Each structure stands twice: as structure tokens, then as C-alpha cells.
Amino acid sequence: MPTWFCSRTWFSHVGPFDEGGQGVPEDLLLFYNHLRKGGGVVRVDRSLVLYRYHPDAATHSVLETTIWTHRVRFLEERVLPHWAAFTIWNAGRQGRRLYRSLSAGARRKVVAFCDVDENKIRKGFYCYEDSKETPKPRVPILHFRAARPPFVICVKLDLTGGEFEANLRSLNLQEGRDFLHFS
């Protein structure tokens, strides 16, 4: 569980929390407002705080679909306007879900999916069957080495024994410019 913190002065500038009630991801919304107002982020790869978790925590009232919707909206607001085109790294469930969740304009910027799964690559494309467009959008599926940045990465870290991370490093890309993680 990533945690972030800021000074009381900055919190007063950015805040307050959205007290919309049960099911509102107020911490995520505050974080997005922090970024919108020019706040930065520094990653610290060691534990600084102990997070107390209990079964009755309010966090359990926030639906995963609610968080997903806010994350996609923020991606479309803050990142995608700066990219003329992009590739979704993962032709599996999460990558296709992201594609289907994007607005029509953002979907048109997706030039390809990329993956390492030979079966997906051999298929050659993903067809968005639920689209109202005619013909249905067909997005190529490429091997990650054949794909071009920027990438929106829909692959969770630390799940492949370092294989995904090694593949990503092999491309010598810069996070924030050439790719971002969306998992």
C-alpha cells in the first residue's frame, strides 16, 4: 500500500478531503488535486510508516470500479493530451480493460498493444467487438520489441520473477516520458 504525505500548509492549499461519504476515494482525489496544483512526488523505497489495517476500515467501502474510473479519467486529463499516439503494454485482460475504458478520442490514439505471449501476438490484433463504430476497431498486437513508445504499462510489477522488469529495462526508456505504469 503506497502512502504519501505532505506539510499541513500544502494540505490546506490542496485540500480539503472530499467528504462525499461512503465509497468516495478521498485520499486518491486529494492526491490528484495535489498533482494538479503542481505538487511533486519522490519515491522512497523503504518503510517510513506503519499502516494499520483492520476489517472495518472505510477503505473497504470504495469500489474497485470507482478507483479505476478516477484513474482512467486522470490519465486522460494529465498524460494522454501530451501524446499523439501510444501503445498499451499488455494485450491481456487489464490492457483490454484499459482500452475499453478510454474515451473514443483516447482510444483512437492507441496504435498497438504489446506483449510477450506468443498466442496473443500470433492472433495479430484485438477487435473491440462492443464498439459502435463500423468497422469495429482492430488494434495490432506486437511483441514488445517491435512496439514503439510511449507505453501505458498494464503489467503488475514483481509478478514474473523479474522477467517483465528486465524486458522493460532492455529498452532503455525513461519513466514519465516514454512510459508510465497503470497497474
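Conventions and cut-offs
Residues numbered from 1 in each chain as written. Predicted model: local features only at pLDDT ≥ 70, side-chain atom pairs only at ≥ 80, totals over all residues. Heavy atoms only, no water. Patch = residues over 30% accessible without salt bridge, like charges linked within 9 Å, V, L, I, M, F, W, Y side chains within 5 Å. Areas by Shrake-Rupley, 256 points an atom, 1.4 Å probe, with all protein chains shown as cover. Salt bridge = Lys/Arg side-chain N within 4 Å of Asp/Glu carboxyl O. Helix = DSSP H or I, 4+ residues; strand = E, 2+ residues; numbered from the N terminus. Expected span 1.5 Å × (residues − 1). Buried < 20%, exposed > 50% of the residue type's maximum accessible area, 1.4 Å probe, protein only. Contact = heavy atoms within 4.5 Å. Core = buried A, V, L, I, M, F, W, Y, C linked by side-chain atoms within 4.5 Å. Lys, Arg positive; Asp, Glu negative; His and termini not counted. Polar contact = N/O pair within 3.5 Å; in protein donor to acceptor, adjacent residues only side chain to side chain. Charge placed at Lys NZ, Arg CZ, Asp CG, Glu CD.

(A) Broad picture of a nonpolar patch on the surface. Together, Phe-5, Val-42, Val-44, Leu-48 and Val-49 line one region of the surface with nonpolar side chains, adding up to about 540 Å² of accessible area. With respect to the element layout, Val-44 can be found in the loop between α2 (26–36) and α3 (64–78).

(B) Molecular detail of α3. Between its terminal C-alpha atoms α3 stretches 21 Å, which fits the 21 Å expected from 15 residues at 1.5 Å a residue. Restricting attention to buried positions, one finds in α3 the residues Trp-68, His-70, Val-72, Phe-74 and Leu-75. On its buried face, α3 is in contact with α2, α4 (93–101), β5 (151–153) and β6 (179–181).

(C) A look at the nonpolar core. Counting 23 residues, the largest nonpolar core has Leu-98, Leu-102, Val-152 and Phe-182 as its most contacted members. The leading source of residues in this core is α3, at three residues. Discounting residues that sit within four places of it in the chain, Leu-102 has contacts with Val-72, Leu-75, Glu-76, Leu-80, Phe-86, Arg-107 and Val-110. Core analysis: the second largest hydrophobic core is formed by ten residues, Cys-114, Phe-144, Ala-147 and Leu-168 among them.

(D) Examining the side chain of Glu-165 more closely. Secondary-structure assignment places Glu-165 in helix α7 (residues 163–170). Buried within the structure, Glu-165 lacks any salt-bridge partner; its nearest side chain of opposite charge belongs to Arg-169, at an N-O separation of 6.2 Å. At 2.7 Å, the side chain of Glu-165 and the backbone nitrogen of Asp-158 are in polar contact. The residues contacting Glu-165, other than those within four sequence positions of it, are Leu-157, Asp-158 and Thr-160.

(E) The pattern of salt bridges, seen in detail. Applying the stated criterion across every chain yields a total of six salt bridges. In this structure, Arg-36 engages Glu-77 in a salt bridge whose closest nitrogen and oxygen atoms are separated by 2.7 Å. Of this pair, Arg-36 sits in helix α2 while Glu-77 sits in helix α3; the two residues are 41 residues apart in sequence, bridging distant segments of the chain. Residue classification places Glu-77 among the partly exposed positions, given a relative accessible area of 35%. Between Asp-117 and Lys-120 there is a salt bridge, with the nearest N and O atoms lying 3.7 Å from each other. Assessed through its relative accessible area of 28%, Asp-117 is described here as partly exposed.

(F) Spatial organisation of a negative patch on the surface. Taken together, Asp-18, Glu-19, Glu-26 and Asp-27 make up a surface patch of like negative charges. Structurally, Asp-27 is set in helix α2.

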